[in-house]
Amino acid sequence: MVETLISSLKPAGNIVLICCAFFIIFGILRVQIFKGKFHHCLGMDTRNITDRSDHMTTNYRWVRHITNTSSSTWLRL
């Protein structure tokens, strides 16, 4: 029984490595796609402000969107 467990470590390790590779790849993609999308400039006239570098020239606040991931819309996806 111990020999069976030891012999199954190599295939299980291969599966773990493949899963880690997928997590890393999709993590990098997620950061590239969503970077800065959950923040916005909060102020009086923000029509011409598109990113944080435009925001730094104003006296407005840079705030994070509050998202509710437990709403029924997210559950249907």
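Residues numbered from 1 in each chain as written. Predicted model: local features only at pLDDT ≥ 70, side-chain atom pairs only at ≥ 80, totals over all residues. Heavy atoms only, no water.

1. Quick word on the overall build of the protein
- Secondary structure assignment for the protein yields 4 helices and 2 strands.
- Out of the 77 residues belonging to the protein, those deemed buried represent 5%.
- For the protein, contacts bridging at least 24 residues in sequence account for 26% of all contacts bridging at least 6.
- Of the roughly 7400 Å² of accessible surface on the protein, a fraction of 65% belongs to carbon and sulfur atoms. (Helix = DSSP H or I, 4+ residues; strand = E, 2+ residues; numbered from the N terminus. Buried < 20%, exposed > 50% of the residue type's maximum accessible area, 1.4 Å probe, protein only. Contact = heavy atoms within 4.5 Å. Areas by Shrake-Rupley, 256 points an atom, 1.4 Å probe, with all protein chains shown as cover.)

2. Section: the packing of aromatic side chains
- Under the criterion given, the structure shown has 1 aromatic pair.
- Ring centres 6.3 Å apart and planes at 15° place the aromatic pair F22 and F26 in the stacked group. Separated by 4 residues within a single helix, F22 and F26 lie in helix α2 (residues 9-34), roughly one turn from each other. (Phe/Tyr/Trp six-rings, centres within 6.5 Å; stacked < 30°, edge-to-face > 60°.)

3. Regarding the state of the cysteines
- Tallied over the full model, the rule gives 0 disulfides.
- Lacking any disulfide linkage, C19 is separated from the closest cysteine sulfur, that of C20, by 7.1 Å.
- The exposure class assigned to C20 is partly exposed, which follows from its relative accessible area of 39%. (Disulfide = S-S within 2.5 Å.)

4. Re the confidence of the model for the protein
- Residues of the protein with pLDDT of at least 70 account for 77%, and the chain-wide mean is 77.
- Ranking the elements of the protein by mean pLDDT puts helix α4 (residues 72-76) last, at 53, and α2 first, at 91. (pLDDT = per-residue confidence, 0-100.)

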